[in-house]
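Residue-level listing of the chains:
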Amino acid sequence: MAERSGSTADIRIGPVTPANRALVTALQLAPEQMDFVASNAASLREARFDRDARPRAVMAGDQIVGFLMYEAPRDDDEARIYRLMIDRASQGRGYGKAALREVLEEIGGLGHIRHVSICYEPENEAARQLYRSAGFVEQGLDEDGEMIADLILPTGDR
């Protein structure tokens, strides 16, 4: 049986703060994944100038194991997840799936979002399988050659 700190039930997302920023930027992808996602340092620099960007640390217990970033502008019913990575030492444990579940819950809780889009490199089969398993439906390639996938959120009480 897995330790509590290694359980996907213990995965949560939280803000990137001055206290954890260095840990987030130190996270690394496997070498063969480097071309799939922008660096966390570049993403955090971008977030300083984009008021809609919402950077999040992915935590397993008290350890930072990943990073994601999304935007959910108040004047739009679409959120866009445009960064999601799990550190290479923590991959293969279901953390990406759990982090995706957490961010979709956070986005749904905002109240004004009806659907979520995500883009990924078409050759990134792990990303394709992850997003498909969460209910994302591929819409086709964007102008940069990235696959766009969309998820319609349940309406609930909205």
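Scroll up a little and you will see the structure.
About the thresholds
Residues numbered from 1 in each chain as written. Predicted model: local features only at pLDDT ≥ 70, side-chain atom pairs only at ≥ 80, totals over all residues. Heavy atoms only, no water. Helix = DSSP H or I, 4+ residues; strand = E, 2+ residues; numbered from the N terminus. Buried < 20%, exposed > 50% of the residue type's maximum accessible area, 1.4 Å probe, protein only. Areas by Shrake-Rupley, 256 points an atom, 1.4 Å probe, with all protein chains shown as cover. Lys, Arg positive; Asp, Glu negative; His and termini not counted. Charge placed at Lys NZ, Arg CZ, Asp CG, Glu CD. Salt bridge = Lys/Arg side-chain N within 4 Å of Asp/Glu carboxyl O. Phe/Tyr/Trp six-rings, centres within 6.5 Å; stacked < 30°, edge-to-face > 60°.

### As for the overall build of the chain
Then, in step 1: Helix and strand counts for the chain stand at 4 helices and 7 strands.
Then, in step 2: Going from the N terminus to the C terminus, the chain shows its helices and strands as β-α-α-β-β-β-α-β-α-β-β.
Then, in step 3: The principal-axis extent of the C-alpha atoms belonging to the chain is close to 35 × 35 × 35 Å.
Then, in step 4: Taken over 158 residues, the chain has a buried fraction of 46%.
Then, in step 5: Carbon together with sulfur atoms contributes 49% to the accessible area of the chain, which is approximately 8800 Å² in total.
Then, in step 6: Once the 19 positive and 27 negative side-chain charges of the chain are each reduced to a mean point, those two points are 5 Å apart.

### Quick notes on the pattern of salt bridges
Then, in step 1: Overall, the coordinates contain 7 salt bridges when judged by the stated rule.
Then, in step 2: Ionic pairing is found between Arg83 and Glu46, a salt bridge with its closest N-O pair at 2.9 Å. Note that Arg83 is positioned in strand β4 (residues 78-86) and Glu46 in helix α2 (residues 40-49), a separation of 37 residues in sequence.
Then, in step 3: Assessed through its relative accessible area of 15%, Arg83 is described here as buried.
Then, in step 4: For Arg128, the salt bridge is made with Glu125, and the minimal N-O distance between the two is 3.4 Å. Taken as a pair, Arg128 and Glu125 lie in helix α4 (residues 125-133) at a separation of 3 residues, close to a single helical turn.
Then, in step 5: Residue Arg128 is classed as buried on the basis of its relative accessible area, which comes to 13%.
Then, in step 6: Note on Glu125: relative accessible area 39%, which makes it partly exposed.
Then, in step 7: Salt bridges sharing common partners tie together Glu71, Asp76, Glu78 and Arg80.

### Brief notes about the packing of aromatic side chains
Then, in step 1: Scanning the entire structure with this criterion turns up 2 aromatic pairs.
Then, in step 2: Judged by centre distance (5.3 Å) and plane angle (40°), the ring pair of Tyr120 and Tyr131 falls under tilted. Linking Tyr120 in strand β5 (residues 115-120) with Tyr131 in helix α4, this pair joins segments that are 11 residues apart in sequence.
Then, in step 3: Looking at Tyr131, the relative accessible area reads 6%, which means it is buried.
Then, in step 4: Between the aromatic rings of Tyr131 and Phe136, the centroid separation amounts to 5.9 Å while the plane-to-plane angle is 70°, which identifies the pairing as edge-to-face. Neither Tyr131 nor Phe136 differs from the other in exposure class; each is buried.
Then, in step 5: Among the aromatic side chains, those forming a connected cluster through ring pairs are Tyr120, Tyr131 and Phe136.

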